Amino acid sequence: IKYVSLIFPKLFINLDEEYQKFNFEKGLEVFTKGLVFIIAVPIISLLLMALTIGIPLAFIIVALYVIAIYISKIFVAYLIGSKIADKKLKDASLLIKGVIGFVIIFIISLVPYINSIFAPIILFVGLGALIDSLKR
């Protein structure tokens, strides 16, 4: 999270502004955006691969797709850490918020059956949060 927050600090500031009041409806909206993203991007890239001219673009889209999946956990960790740090610590830095969230996600991932339930949720919410922060 340190390097991502140094390279793209505006993304995390956008997350703070966007999710100041995070309720169930907002969470469902973010989850749905991530779910649509995870389904639509492979379909779009396959359609582009059908065209000769679209093959390079499809490979670029797939590469960005893999990167987005990889960093989606960072955004969920920051969201979780931000909500906890806002209640407990008033002036916490981006790094502290991210570390708090990563510790919670790590603890959840240690429990075998709970991890299999929460891993897709973390992925979908992370992708939805990434999409929201890039849109702003």
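Structural notes, computed from the coordinates.

**Regarding a nonpolar patch on the surface**
And step 1. On the surface, a cluster of nonpolar side chains totalling about 930 Å² of accessible area is made up of L95, V99, V103, F106, I107, L110, V111, I114, I117, F118 and I121.
And step 2. Along the chain, the position of F106 falls in helix α5 (residues 94-110).
And step 3. F106 sits in the exposed class, given a relative accessible area of 51%.

**Here's the deal with the packing of aromatic side chains**
And step 1. By the definition in use, this model includes 2 aromatic pairs.
And step 2. Residues F31 and F124 carry aromatic rings whose centres are separated by 5.2 Å and whose planes lie at 80° to one another, so their mutual orientation is edge-to-face. Pair noted here: F31 is in helix α3 (residues 24-49) and F124 is in helix α6 (residues 112-135), with a separation of 93 residues, a long-range link.
And step 3. On the accessibility criterion, F124 (14% relative accessible area) is buried.
And step 4. For the ring pair F37 and Y65, a centre distance of 5.9 Å and an interplane angle of 40° mean the geometry is tilted.

**Quick notes on the packing of α5 against α6**
And step 1. One can describe the packing of α5 onto α6 by two numbers: an axis separation of 6 Å at closest approach and a directional angle of 135°. By the criterion of interaxial angle, the relationship of α5 to α6 is oblique. When α5 is examined against α6, the residues I105, I108, S109 and L110 are found in contact with a partner set consisting of P112, I114, N115, F118 and I122.

**Quick look at α6**
Helical geometry note: an α-helix holds 3.6 residues per turn, so side chains three or four residues apart project in the same direction.
And step 1. Given a rise of 1.5 Å per residue, 24 residues ought to cover 34 Å, and the 35 Å separating the end C-alpha atoms of α6 matches this to within 8%.
And step 2. In the structure, α6 departs most strongly from a straight axis at F118, where the bend amounts to approximately 30° and where the proline P120 lies between one and four residues downstream.
And step 3. Restricting attention to buried positions, one finds in α6 the residues I122, F124, V125, G126, L127, G128, A129, L130, D132 and S133.

**Here we look at α3**
And step 1. Over its 26 residues, α3 extends 38 Å from the first C-alpha to the last, a length consistent with the 38 Å expected when each residue adds 1.5 Å.
And step 2. Its axis deflected by about 25° at A40, α3 carries its strongest bend there, up to four residues before the proline P42.
And step 3. For α3, the full list of buried residues reads K26, G27, V30, G34, I38, V41, S45 and L48.

**Remarks on the nonpolar core**
And step 1. F12, L15, I38, I71, F75, A129 and L130 are the most contacted members of the largest nonpolar core, which totals 16 residues.
And step 2. Elements with a minimum of two residues in this core: α2 (9-18), α3, α4 (55-88) and α6.
And step 3. Per-element tally for this core: the top contributor is α4, with 7 residues.
And step 4. Counting 6 residues, the second-largest nonpolar core is a separate cluster that includes V30, V76, I122 and V125.

**Side note on the pattern of salt bridges**
And step 1. Taken as a whole and assessed by the stated rule, the structure comprises 2 salt bridges.
And step 2. Here K33 and E29 are joined by a salt bridge, their closest N and O atoms 3.3 Å apart. Here K33 and its partner E29 are both found in helix α3, 4 residues apart, which amounts to about one turn of the helix.
And step 3. For the salt bridge of D132 with K33, the shortest nitrogen-to-oxygen distance reads 2.4 Å. Placement of D132 in helix α6 and of K33 in helix α3 is noted, with a sequence separation of 99 residues between them.

What counts and what doesn't
Residues numbered from 1 in each chain as written. Predicted model: local features only at pLDDT ≥ 70, side-chain atom pairs only at ≥ 80, totals over all residues. Heavy atoms only, no water. Patch = residues over 30% accessible without salt bridge, like charges linked within 9 Å, V, L, I, M, F, W, Y side chains within 5 Å. Areas by Shrake-Rupley, 256 points an atom, 1.4 Å probe, with all protein chains shown as cover. Salt bridge = Lys/Arg side-chain N within 4 Å of Asp/Glu carboxyl O. Helix = DSSP H or I, 4+ residues; strand = E, 2+ residues; numbered from the N terminus. Buried < 20%, exposed > 50% of the residue type's maximum accessible area, 1.4 Å probe, protein only. Phe/Tyr/Trp six-rings, centres within 6.5 Å; stacked < 30°, edge-to-face > 60°. Axes fitted to C-alpha atoms, helices over the stretch in contact; angles between N-to-C directions. Parallel < 35°, antiparallel > 145°, perpendicular 65-115°, else oblique. Contact = heavy atoms within 4.5 Å. Expected span 1.5 Å × (residues − 1). Bend = angle between axes of the 7 residues up to and from the residue. Core = buried A, V, L, I, M, F, W, Y, C linked by side-chain atoms within 4.5 Å.

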